[in-house]
Structure formats: C-alpha cells, structure tokens
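If you want the building blocks of each chain, they are given just below.
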Amino acid sequence: MIGVGDMVLLEPLTEDSFLENLKKRFDHNEIYTYIGSVVISLNPYRSLPIYTPDKVEEYRNRNFYELSPHIYALADEAYRSLRDQDKDQCILITGESGAGKTEASKLVMSYVAAVCGKGQEVNKVKEQLLQSNPVLEAFGNAKTVRNDNSSRFGKYMDIEFDFKGDPLGGVISNYLLEKSRVVKQPRGERNFHIFYQLLSGAPDDTLKKLKLERDFSKYNYLSLDSATVSGLDDAANFRTVRNAMQIVGFMEDEMQSVLELVAAVLKLGNIEFKPESRCNGMDESRIKDKNDLKEMCELLGTEQSVLERAFSYRTVEAKMEKVSTTLNVAQAQAKTRHKVMGVLDIYGFEIFEDNSFEQFIINYCNEKLQQIFIELTLREEQEEYIREGIEWTNIEYFNNAVICDLIENNQNGILAMLDEECLRPGTVTDETFLDKLNTICADHQHFESRLSKNSKFLNDHSLPHNCFRIQHYAGKVLYRVEGFVDKNNDLLYRDLSQAMYKANHSLIKQLFPEGNPAKVNLKRPPTAGFQFKASVGTLMSNLQSKNPNYIRCIKPNDKKASHVFNGSLVCHQARYLGLMENVRVRRAGYAFRQAYEPCLERYKMLCKNTWPHWKGRARQGVEVLMTDLQVPAEEFSYCRSKIFIRNPRTLFFLEEKRKQCLEDLATLIQKIYKGWKCRSHFLLLKKSQVVVASWYRRYAQQKKYQKIKHATTMVQSYTRGWQARKLLRELKYQKKCEEAVTTIAAFWHGTQVRREYRKFFRANAGKKIYNFTIQRIMQKYFLGLKSKLPSMSPIDKTWPARPYSFLDGVHAELRRIFHLWRCKKYRSRFTEEKKAVYEEKLEASELFKDKKALYPSSVRQPFKGDYLEISKNPKYQKLSSAVDEKILLADVVNKINRANGKGSSRLFLLTKKNVVLADQKTGQLKANVPLTDLASVSTSTQTDGFFALKLKEGSASAVKGDFLLSSDHLIEIITKLHRIGSMAADREKLNIDISDEFLVQFKQDKVCVKFIQGSPKNGNSVSCKRKNNRLLEVSVPASS
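Residues numbered from 1 in each chain as written. Predicted model: local features only at pLDDT ≥ 70, side-chain atom pairs only at ≥ 80, totals over all residues. Heavy atoms only, no water.

Chemist: Would you mind going over the pattern of salt bridges with me for this structure?
Modeler: For side chains of opposite charge, pairing can occur when their charged atoms come near one another. Inspection of the entire model under this criterion finds 34 salt bridges. Taken together, the shared-partner salt bridges connect D76, E77 and R80 into one network. (Salt bridge = Lys/Arg side-chain N within 4 Å of Asp/Glu carboxyl O.)

Spelled out as structure tokens, the structure:
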C-alpha cells in the first residue's frame, strides 16, 4: 500500500506528515484515505480506472478496513448496515466548490444500484434513480470559475429499500437554486447547462417549433465568453438528458412542455424596456420590440396584452381596494416504514471576488454541516466517553456553533435582522440593513465591518464601506451588501403570477398556483432567508435521525489540473474541516461502541451459554460472551450502558465469527429442512406406491376377469351355434316335407278342378275373358293418363293421345274436366287486385282481340293506371287537390289540333265520373268532361294510338266539340272507360267504334279522320296531316 491508508495509524502524527501522506498517495493515483470510518477524497480532475464492475465485485460484502481505501468501501458499509442491521443511513459529502462532491454522490448511487437485488421492477427503479442525475445537473448545474459542472443548488436524496435491501424508489429535495444566474452570470462563467444543450443538440424541427436559433449570440441571457467548455459536449448531453427524462417517467408532452418553458425564458431575456413619462409626472416602462414577446406568448399559450400589462404594471391591494401602478424600467427588468439511505450533495463553501446573498446562504448551510460533523465526530464522541466513565484527556477543537448562532439566532442573528428589515415599514435599503448589522453585531468576534462601532476596522482599506466580513470556519468571506434585501424578499408581483396562471400551458399553470384568482392571499409570503433556514433545520433533523457516513472532498489545486498538489490549499481545507482533530479523537478513542442489549442480541449465537436465550442481565451476558471468545481485555472496555471496542479488527473478528456461525445455523436449518423434505417425499412416494399397487391389482383382476368372460362367451357361442344349426336342419327337413305334401295336394286339387272346370268352360269363358280384358285396358289407360298429365298452366293445350278409339268420349270429357279444374286452381291463387287486373285484361281481349292490330303488343304490358304518380309528385300537387275523386288512370296524351294535325301534350286523368285534361307543364285544368256526356269512343284497326272521345249532342261539354287524342296506352284507356260505363247502373254502356275512318265533331264542323298505310320512306312514326277542311289523314307505318 502506498503511504498509510488510515490516518489513525500514521506515525508520527503532525500536520506535515498528514499532508505528506496525502500527497504521496495522490501522486500514485490513490485519491482515497481513511480517518477511521471517514473517507477523504481528493479530486483527481481526470478519469481513473478504479470504478469498473470488477472493483464493485471486489468491495462487495467486504469489511471496511479489509481492502485499500475506496469510496465503494464506505458505500458498501452503509448499505450492509442498512440491510443487515436495519439502521437508516445517510452519506454526507462535504467540501469546497470543485472538490468533486457531485461525482462522489453519483459513485455512491451507482455502487448501491450495482450491489442490490435484481429483477425487472428493481432494475427499473435503479435505472430511474441513476438517470435522475443527468436531469438534475442539466437544470441545476453550471460552469463556474472553479468548476465546470458546479451544482448551483443543494440536493438531498432519500433512497427507500424494502426488507431485502432492494430499492423501492427515492425522494429528492432541493435547496436554494441560484435563480439569479438565469439573468446574470459573472465573467468566466455561464448559465445553466440546459440552455446550451437545447440550442446545441435539439433537432432543427424542434428548434423551429420552439422558435429558437442555434446562435448563442441571439440571446441576452447566455454569456458568450464561456459559451463552450472544453471536454463538455452539449449536443450529446442533450440527447442524454432527453433519454434520462424518458426513463425517469416524463411523458413526451411533458418533455415538450419543459422545453417550451426553457425557450420562453430565453425569449424573456431578449425583451427590452424603454422609459416613458406620464402626464402626472411618473415614469413608466414600455416594451421596445414586441416580436420576442409575441413568440413567448405563443409558447406559453397566453394573450400578449395580458403579459405585456403584467410586465409594465403591478396591482397593490389594500382591504377592498385595488390600485394599479406602473413599473419603471429597473423594476420591469428585475423580475410503510422502509429502510432509508440518504445521500447529501450540496454546494460547497464559496469564496468569490464578489460574494452576495447566494454565497452567504450557501456558506451558512456549510457551517451547519460542519457543526453536525463536529457534534457527531468530535464533541459528542468525547462527551460520550466522559458520560460512560472512560478516562479521557479532552482534545481541543474549534466549535463553529458561535458562527451558526451569529447567522441564525432568532433575535440578533443576521437572517433575523434581514427579515426584520424586509418587513419594516418605511424606506428599506441595503444600507439600512448594514447599519443595523453594524449596531447589533459590532462586538461579535467573527463579524467585521468598517462602519461598525469596533474601532479596529476603521482603517482597514481591504474592507469596503458597503460590505461586511464574517470569519467562517473555512476562512474570512467578504460579503457585498448590495441586493441582500431584494433577494431576501424574492417577491413576484401578483400581476405576473395571475398572467402566468391564465396561460393555456399546463406546466406554467402548475408552477404559479398563487396566480389563481380564487385563491388570492394578501398575506406576505415568507422571505427566502426564512424558507432556507427552515429547510436547513429540517435537513439537519433528518440527518441526525440517521447513522452518518462522511466523505470529505478536497480539491488539490485551484487550476482544475491533474497531477498538481497545492500543499497550502490542501492544508487550509484540512484545517477548517477539522481533519487533524478528527484523527486525534479517533487515535485516542474507541472504534466501536454498542449498548449491551443489541450487542448480546447480535452475537449471542457465538457462545453456548448465551444461545439461544440469556436469562440474566445483558451486561453479564456480554461478559460471558467475551470471556468465552477469549478476546484480549485491552481490546474492549465495559462501561455504564455500552461496551466499547478499541480496534476495528476485534469487531471484524466478531463479525466473521458471527457470519460463520450464521452459516452453520443456516446449514443446520437446511439439514433439518432437507430431512423433513426427504421424509415427506418418501411418505408421499410410499402413499403413492400403495395407491398405484391397489389400482394395478384392480386392473390385473379386471383383465383376468375379462379374459375368463371372453373364453366363456366363446364356448357359449359355439354351443349355441351347434344347437341352432341342429335345429335349423330339423326345421328345414320338416319344411321340405310340408312343401312336398302341399305340392302333391296342389297338383291333385288342380287335377280335380280342371276336371270340373272343363264341364262349364264352354258356356261362360268368353264373357269373363272379355270383361277381364276391358277392365285391364281401362286400368292401363287411367294409369298411363296419370303419368302423362300436362302442366297446370291454363294456356297449356297439350293432352295425351287416346290409345283406343272406343275411348273418344271419355277422353274428351276428361280433358274438359281437367282444364276446368286447373283453371279453378289457378284462379284461387289470385288476390282481389290481381283479379281486377285480369278482368280488365279479359275485357280488353273482348273489345280488341282480332279487331285492333295494336292489341297483341299490349297483352304483356300490365295496366298500371297511374303512370305519373300524381299524388307523390309535388309538381302536380295543386292539380291533385283540384280533383276530389280517386284517380284511376293518369297519363300524358297528345291532343290533336284540327288546324295542322299536330299534337300538344296534355295530362289525361280518369276518375269514376270524369275525364280531366290539364296542361302538362303548369298543371292548369283545361277540360273536365263528365262520363255521362261521353257518347262513344272511336279508334282505328291499326297499330296507332289515336282515339276520339265523342260527346253527346246538346251536352254542356259538347260546346267545344269532340277530343281527338293520341296515347301510348290506348288499350288501357279505352278498356277502363268501357269498364266504368258498364259497371255504372245509371249510365249506358260506352260504345266502342273500331274503324279506319270515322267522323269527329270540331265545334260546328265535322272532320273525317282517315287511317292509311304509310310508305317505308316516312319512317316508323305515326304522322297526322290535314288534307283539307274536312279530312285529317293519319299515316300508320306498315312495319308496326
């Protein structure tokens, strides 16, 4: 081993030997050194091959001092104590900024994740815990002059484990994010990583959606002198952060919302204000260029006017009155119990050229952590030795409780005075706050100010007038008082909160719940200092409730360079961390102490007298135990309530013996269990064998019985077969005998009958033969007729031929009867509507068959009646309402003009009482002729559709003369007219005149209508021409 791994064993112990040992180990890449159970870690500023999976396995389940010092040894010790002894643990990582605290916390978490259990759900939890680091670093870390990845917030993670030691989840608490870094960064530093990662690594389409450009110079919030950091790939880190957010549990829309919010912050930095004066003399601010404001509003989903007013105005509410005031430019620019292991990674002690409120708060937190370290490792340990009656020489050390009291005292502390100044009415400035400090804290030995009553600082030119200085445990720090009051107030005007709450952006609405108008609270919110003090108090209580494990991080130089060891810098850090005092206390004290009851409970299996139950006092049991184990008396000490063990090796000896004993007990338990299991298995096999044997014997007997039964059945079957065959032979013989007797008797009776029959045959044989023949012929005739009957169609005229001429009369009569019968059957299937149609068809046949050449083509066409669907057609609604009766026929006809023989379209409507003619286009009524005025209907014998309605002379309708019409449905129209006339009892039958020449009365003149055969050159259409005043000639094509 290089140097001494544990400073407790260092000889001689001086400050120089302490630093020399650290330097010697650092030069050989041994960056870890122990002070008892405390780990000192020097930042190597480079990667070392000491964190491989093999190293993890090497330190897994090993004693703390068994291997060379390593951070994995402390992590393993904490994890095993939590898993095996059920003690909550916390790992406190402290040191200056840039000392490697963040990397140390990641190493601890990675080791715990590697050594705990496996499984899909466990691996998922471990991955989420590890991947939370990149996300937190992107949004909370930034480059500073001392550290390229400096944590600008405090982080405390509680990792919860189940009883097996498998992680269940984690709770992360953060403290005091350095919000001022967003709007302003010191020279040589840059903003939070996420801004640069987004612009460098986001795809072009993502930047387009976010309305961003890759050029850093476009955004006022991004410092250009340190925009790029060597060794830091922002583009690759952005992809890592996106992947980590998915693993942690961010949904895609939630990640997009976060990026939109980041983009909106960049846009906010580009908004500039210009001063304007109002008529009342007050100053107000206006936004110069509203393009960035517009894009910001689009990203956040809020109205531009609302946000612009919130930037330029603020509302002051007193009781029930509200007053809106404008902001000037400066104001507008500013604004189940589980086991737990805690890992604290918090900002280190900071001393900059310009230290403000943030550094004051950070250093206060480090003072509290140092106080815990002092109390738990120095003061409490020495007080415990005295309390337990151990002879002890007190070791002097610096107790920083006086500095903590200077800062946090509720009456005269700096934070209390800062809160009091912020809440005080009247004019409050940083100068009034400093005056108050100078008055109250002037006599404090750790407070220095040039304007205080203490005269020794009046001529100290290193102390400016607007500053004060505190002598911390890590050294003196000069704080510039400018901005303390504003940063402590940390107020956000209610107008801005309400404007953000009105946004349609879900994440913004969650971040500003105080903007909800329904939950307006007029109470002043607590100050930043008060909140942080309360958070630190909660953190300290949390840490004190757990078993502490310390990692003291030290940076070897200020240049962030590897292989460089600055002795004076390391010495300064070792002094204010109290490492030398820690070594002295460890060397003089005891390495381990434990109350008698838990000690006896843990190690009682190592002695037969104390195992399994000790019935006496716990101290007596421990004494019996240690005597039986033959532990040297100088290695331990019996005290009032605890046993103290001086050397860790004694503890390792006890743990090793306990481990071996537990293995023996486990072996015994396994032996008993395996014996019980084997006996149970044997009894089960025995029981199963009995069951199987019984079932087999049953099966064998069943098979034997089946064989015997089968053999018996075979014998029986052969016996029955022999008996049956014997009986069959006897029956056959008997039957043959009976048949022979019957045959002989038959022949004998036949001979007798034939003798008798010959006597009468000549007189009666002819008549009987004739009747028998006729009967056979008729039977054959009827059977043949049955198989050859024609179909049931009434129009089927076929009939089978008669076989004999003497059957003519019967054959004809049967044909007539069959035809009448099938006609009756056919008519019985008719409905009333179909019957009426056929009756019309029958009447049309009587009227036009063999008289009109158009008739044959109309037979196959059904009579529809209403061809116009006049009741459904809205065009003829008025005409339909004008006709009161039911319309039997509606069709379009041509009315022939006597002047030129041409036709004009008319609607022809037929009811039971009237014939109605109307205009086809308008539906206007042209003529309404009662059927009683109709004398006859004339039509030709040819294939045309012309017909004349002749009216009775002297009737009212005969004034204008007869009607000469043409229709495609002539047969149906005339048939319906004739049928209505024949069915009416009060009217005469309508006369139908079928002739190729007839007279038509047109007003006073009678005109002859003559039908002639047309020549082929006239085409296939019917034409009507006027020959003279007395003759209309209708040419009908011959082909029709």
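On we go.
Chemist: Is there a simple way to explain the pairing of strand β6 (residues 154-161) in this structure?
Modeler: The side chains of a regular strand alternate, first on one face of the sheet and then on the other. Along β6, seven of the eight residues are buried, which leaves the element largely enclosed by surrounding structure. By the bridge criterion, eight bridges tie β6 to strand β7 (residues 167-175) in an arrangement that is antiparallel. The partner of D158 across the bridge, within β7, is V171. From the end of β6 to the start of β7, which pair antiparallel, there are five residues, and G165 there has a positive phi angle of about 95°. Two elements, β6 and strand β12 (residues 339-345), share seven bridges in a ladder whose sense is antiparallel. Looking at β12, one finds that F161 is bridged to K339. (Buried < 20%, exposed > 50% of the residue type's maximum accessible area, 1.4 Å probe, protein only. Helix = DSSP H or I, 4+ residues; strand = E, 2+ residues; numbered from the N terminus. Pairing = 2+ DSSP bridges.)

Chemist: Hey, could you run me through the sheet that holds strand β13 (residues 447-448) in this one?
Modeler: Sheet strands line up and pair through hydrogen bonds in the backbone, either parallel or antiparallel. Strand order across the open sheet formed by three strands is β13-β14-β15, with antiparallel pairing between neighbours. Whereas interior strands pair on both sides, the edge strands pair on one side only; in this sheet they are β13 and β15 (475-480). Across two bridges, β13 lies against strand β14 (residues 467-472) in antiparallel orientation. Of the residues in β14, the one forming a bridge with E448 is R469. Along the sheet, helix α15 (residues 401-408) contacts β13 and β14; its crossing angle with β14, the most-contacted strand, is approximately 150°. (Contact = heavy atoms within 4.5 Å. Axes fitted to C-alpha atoms, helices over the stretch in contact; angles between N-to-C directions.)

Chemist: What am I meant to see in the sheet that holds strand β29 (residues 1005-1014) here?
Modeler: Read across the open sheet, the four strands follow the order β28-β29-β31-β30; overall the sheet is mixed. Two strands in the sheet have a free side with no partner beyond their single neighbour: β28 (997-1002) and β30 (1023-1028). Across this sheet, the average inter-strand angle for adjacent strands is 30°, counted without regard to direction. Relative to β29, β28 is paired through six bridges, and the arrangement is antiparallel. By the bridge assignment for β29, L999 is matched with C1008.

Chemist: Whenever I open this one, the side chain of T939 confuses me. Can you help?
Modeler: With respect to the element layout, T939 can be found in strand β24 (residues 934-939). Here T939 falls in the buried class, since its relative accessible area comes to 0%. For T939, the contacting residues outside a window of four places in its chain are F848, K852, F946, F947, L970, I974, D993, I994, S995 and F998.

Chemist: Just to check I follow, could you spell out unusual backbone geometry for this structure?
Modeler: If a residue is not glycine, its phi is most likely negative; likewise, a peptide bond is most likely trans. Backbone geometry at N61 places phi at a positive 55°, although glycine is not the residue there. Within the element layout of this structure, N61 appears in the loop between α2 (53-59) and α3 (71-85). The exposure class of N61 is partly exposed, given its relative accessible area of 41%. In this structure, K560 is a non-glycine residue whose phi angle is positive, near 55°. You can see K560 is positioned in the loop between β16 (547-554) and α22 (567-576). Among the residues examined, K560 registers a relative accessible area of 26% and is labelled partly exposed.

Chemist: What is the right way to read the packing of helix α10 (residues 252-269) against helix α11 (residues 291-300) from this model?
Modeler: When two helices pack together, you describe them by how their axes are tilted relative to each other and by the distance separating the axes. It is the contact of α10 with α11, at a shortest axis distance of 9 Å, that shows an interaxial angle of 165°. Our classification of the angle between α10 and α11 gives roughly antiparallel. Note that α10 runs across α11; the crossing there is left-handed. Residues E260, L261, A263, A264, K267 and L268 of α10 form the contact with α11, whose own contacting residues are D292, E295, M296, L299 and L300. Taken together, the residues of the contact of α10 with α11 sort by class into seven nonpolar, no polar and four charged. (Parallel < 35°, antiparallel > 145°, perpendicular 65-115°, else oblique. Left-handed = near helix turned anticlockwise from the far one by under 90°. Nonpolar A, V, L, I, M, F, W, Y, C, P; charged D, E, K, R; others polar.)

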